[in-house]
Protein chains: 2
Amino acid sequence: MTTTTTAPKEIIRNGVNVTKLAATIKAIGQQPKLAQFKFRARNQWDIGGHNQATVDSFYGTCQEMEHKQPFVMDADEPTVLLGEDNGANPVEFVLAGLSGCMTTTLAYHAAGRGLNIESIESEYEGDIDLHGLLDLDPNVRSGYREIRVKFKVKGDADEATIQELVRKSPVYDTLANPVKIRIEVEKV
Amino acid sequence: MTTTTTAPKEIIRNGVNVTKLAATIKAIGQQPKLAQFKFRARNQWDIGGHNQATVDSFYGTCQEMEHKQPFVMDADEPTVLLGEDNGANPVEFVLAGLSGCMTTTLAYHAAGRGLNIESIESEYEGDIDLHGLLDLDPNVRSGYREIRVKFKVKGDADEATIQELVRKSPVYDTLANPVKIRIEVEKV
């Protein structure tokens, strides 16, 4: 006796494989440890405001994983901040990360809800007062005081849904709410 | 009568022009608005987990400014997160930004204190539980629960000083403490 099975057709929406997304959610429901991810970067200082971050390995689905290739990112400061402008500066990297995360979160969650998205554009602006970093005023924080975001979206999702979905972003949550950061220092 | 003036010799330490750093601090003391900076990014979604952030203009020292060139950053998700791995993912960009910022803040503040630094290397690892992003558990946050940082530093600064200086980093503050994020959405 032979049995013929046909693979179910995969649903792709917004470029997201919704069939695999549903399978991932089901698998995590059965084995919660699959959901634990660890992301990493390492950094090597060059000189002044110039340094280089490398991202290659991460941990997820209960195993060590590697990106297809290492991603190397140069950070520097513009001349006005005494650098040589060989890369975006670190606070700009944070806005880039926020932008990527809110965009992807919208595309993925909309796909999961059956909403087709045609285009997503967004702009980010954040305020930093150097009185904080330069120790000129103890009442001024060194980081972003406020970040403003503007989305332009073409697709099925209405404004309220978009406002809801972009706030599910991990980087949005990382910035909007405090994160515990542990620091070890070794003199070499 | 002629007057001969000699420019004071500039002090460069850790690649940081300490003479200009002191002049910047003095100028901000006299005109506090010089310290107000606005950093920016914009993002264009491609498809699925792939999108592109661009950083070019910013505002500071009471004027609009441009980087020497636009910095373009591709973000994507690895295959296990249903992307095509065309770039670091957004939460990895945040670690890259944190790494660049803590490194630069250490180099600059050490320079200001007369401490010579020979090398700075650092590693970052952050925990994300997908139960948050995937709406599987309302008690799990979508962003980083904890970030661990390890510094290896060669130079004059002692461990306690390094621990103090890296925490002055604007991205450290941005992550460790909540940031107000305003979001506008326009359907196009």
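Before any of the text, the structure's been laid out above.
Description of the structure in this document. Since this is a predicted model, take the numbers as computed values, not measurements.

The next point concerns unusual backbone geometry. Both trends apply: most residues other than glycine have a negative phi, and most peptide bonds are in trans. At Leu82 of chain A, a residue that is not glycine, the phi angle is positive and equals roughly 70°. Tracing the sequence through the fold places Leu82 of chain A in the loop between strand S5 (63-75) and helix H2 (90-112).

We now examine the environment of Asp137 of chain A. Residue and element names in this part refer to chain A. Looking at where Asp137 falls in the secondary structure, it is placed in the loop between helix H3 (130-133) and strand S7 (146-155). Classification of Asp137 as partly exposed rests on a relative accessible area of 26%. For the pair Asp137 and Lys26, spaced 111 residues apart in the sequence, the C-alpha separation amounts to 51 Å.

Here we take up the packing of aromatic side chains. Taken as a whole and judged by the stated rule, the model has seven aromatic pairs over all chains. Both rings, one in Phe39 of chain A and one in Phe58 of chain A, keep their centres 5.8 Å apart while their planes meet at 20°; by these two values the pair is stacked. Of this pair, Phe39 of chain A sits in strand S3 (residues 36-47) while Phe58 of chain A sits in strand S4 (residues 50-60); the two residues are 19 residues apart in sequence, bridging distant segments of the chain. As far as burial versus exposure is concerned, Phe39 of chain A and Phe58 of chain A are alike and both buried. Summarising the aromatic geometry, the rings of Phe37 of chain B and Phe39 of chain B are spaced 5.8 Å apart at their centres and angled 20° between planes, so their arrangement reads as stacked. Side by side, Phe37 of chain B and Phe39 of chain B carry an identical accessibility label, which is buried. A network of ring pairs unites the aromatic residues Phe37, Phe39 and Phe58 of chain A as a single cluster.

On to the relation of the copies chain B and chain A. Its rotation angle being 180°, the transformation that places chain B on chain A also includes 0.0 Å of axial translation and leaves an RMSD of 0.0 Å. The transformation relating the two chain copies, once decomposed into turn and shift, fits a two-fold axis. Most of the interface of chain B is mirrored in chain A, where 100% of its interface residues again form contacts.

So, how was this worked out
- Residues numbered from 1 in each chain as written.
- Chains lettered and ligands numbered in written order.
- Predicted model: local features only at pLDDT ≥ 70, side-chain atom pairs only at ≥ 80, totals over all residues.
- Heavy atoms only, no water.
- Helix = DSSP H or I, 4+ residues; strand = E, 2+ residues; numbered from the N terminus.
- Buried < 20%, exposed > 50% of the residue type's maximum accessible area, 1.4 Å probe, protein only.
- Phe/Tyr/Trp six-rings, centres within 6.5 Å; stacked < 30°, edge-to-face > 60°.
- Least-squares fit on C-alpha atoms with pLDDT ≥ 70 in both.
- Contact = heavy atoms within 4.5 Å.

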